Amino acid sequence: MSAELVGLLQRNYPNLVPAQFEPHFRRVKRLALPAGSVLFRPGDQPPGFVFVLSGRVGVHLTGQGGRELRLYSVGPGTSCIQTTLGLLGGEAYSGEAVAETDIDIALLPAADFRALMDVSPAFRDGVFRAFGARMADVTRTLEQVAFVRVEARLARHILDCADAGGVLESTHAEIATAIGSVREVVSRRLDALRGRGLVSLERGQTQILDRAALLAIANTQ
């Protein structure tokens, strides 16, 4: 393994990759994948523990009717709950992971992951801390879907995900997946926001026009 990869792992995952490098990490494989790549699908078995060095991966669940819910995203320094559960309990994936951007990842083989869990208290503690943080993210997502109105979830998503210029680059279908709704509902709500002068809409773009009004909607239950 190159010194560059060792440095990236230790910088992005200091709680998982100790300064005293473990021999098990020597079998880590580095992969570069383009946006749109599928990392796993329902029924797959985890091949190992994934470290994201750059880019972002979205993890989704799909219902029988085809409705998708984005559970969380995985970026540098964070981990995937589904992968950790699969490696610890032998469970197959129930969701799907898709690269939302070009990604640079490193894969620690499953056998080495399990060996490190047995012999390295620091690694084991780091895995469980990361798992706990991701579970908190999932809990917040489920609370939003269960208890917060679609309008409030939509407004919050626009505010949180728009760029510095106030533009959100997402299709209505992508927004629906992110907030746990369906495209038709999101399209109607966005049209209503546009009619009130809060946003303007172009193909694949939502431009914030009245940030204060959107924030007021986002803070309602």
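All values reported here derive from a predicted model rather than from experimental measurement.

About the thresholds
- Residues numbered from 1 in each chain as written.
- Predicted model: local features only at pLDDT ≥ 70, side-chain atom pairs only at ≥ 80, totals over all residues.
- Heavy atoms only, no water.
- Core = buried A, V, L, I, M, F, W, Y, C linked by side-chain atoms within 4.5 Å.
- Buried < 20%, exposed > 50% of the residue type's maximum accessible area, 1.4 Å probe, protein only.
- Axes fitted to C-alpha atoms, helices over the stretch in contact; angles between N-to-C directions.
- Helix = DSSP H or I, 4+ residues; strand = E, 2+ residues; numbered from the N terminus.
- Parallel < 35°, antiparallel > 145°, perpendicular 65-115°, else oblique.
- Contact = heavy atoms within 4.5 Å.
- Salt bridge = Lys/Arg side-chain N within 4 Å of Asp/Glu carboxyl O.
- Pairing = 2+ DSSP bridges.
- Left-handed = near helix turned anticlockwise from the far one by under 90°.
- Nonpolar A, V, L, I, M, F, W, Y, C, P; charged D, E, K, R; others polar.

Student: I keep staring at the nonpolar core and nothing clicks. Help me out?
Tutor: Soluble globular proteins tend to pack their nonpolar side chains together in the buried interior. By size, the foremost hydrophobic cluster in this structure holds 37 residues, and its most contacted members are F51, L108 and F123. Grouped together as the second largest cluster of nonpolar side chains are 21 residues, L159, A162, L198 and I217 included.

Student: What's the story with the packing of helix 5 (residues 150–161) against helix 7 (residues 183–195) in this structure? I'm lost.
Tutor: In a pair of packed helices, the angle between the axes and the distance between the axes together describe the arrangement. Contact geometry for helix 5 and helix 7: axes closest at 11 Å, N-to-C directions at 75°. What the angle tells us is that helix 5 and helix 7 run roughly perpendicular. Contacts between helix 5 and helix 7 involve V150, E151, L154 and I158 from the first element and V185, V186, R189, L190 and L193 from the second.

Student: What am I meant to see in the pattern of salt bridges here?
Tutor: Here the idea is simple: oppositely charged side chains can pair when their charged atoms come close. Counted under the stated rule, the structure contains 12 salt bridges. Here R56 makes a salt bridge to E100, at a shortest N to O gap of 2.5 Å. Residue R56 is found in the loop between strand 3 (48–54) and strand 4 (57–62), and its partner E100 is found in the loop between strand 6 (96–99) and strand 7 (103–109); the two are separated by 44 residues along the sequence. The class for R56 is partly exposed, based on a relative accessible area of 36%. A residue is classified by how much of its surface remains accessible, and E100, at 29% relative accessible area, is partly exposed.

Student: Before we go on, may I ask you to explain the sheet that holds strand 8 (residues 167–169) in this structure?
Tutor: Neighbouring strands of a sheet are bound in pairs by backbone hydrogen bonds; such pairs are parallel or else antiparallel. Taken in spatial order, the 3 strands make up an open sheet running 8-10-9, and their pairing is antiparallel. Edge positions in the sheet fall to strand 8 and strand 9 (199–202), since each has one partner strand and no second. When strand polarity is set aside, the average angle formed by the axes of neighbouring strands in this sheet is 20°. Strand contacts of helix 7: strand 9 and strand 10 (205–208), with the helix running at about 125° to strand 9, the strand carrying the most contacts.

Student: Would you explain the packing of helix 5 against helix 6 (residues 172–179) in this entry?
Tutor: Where helix 5 meets helix 6, the axes come as close as 10 Å, and the angle between the chain directions of the two elements is 110°. On the basis of the axis angle, helix 5 is roughly perpendicular to helix 6. The two elements helix 5 and helix 6 meet at a crossing, and its hand is right-handed. For the pair helix 5 and helix 6, contact is made by V150, R153, L154 and H157 and by I175, A178 and I179, respectively. Considering only residue class, the contact of helix 5 with helix 6 consists of 5 nonpolar, 1 polar and 1 charged.

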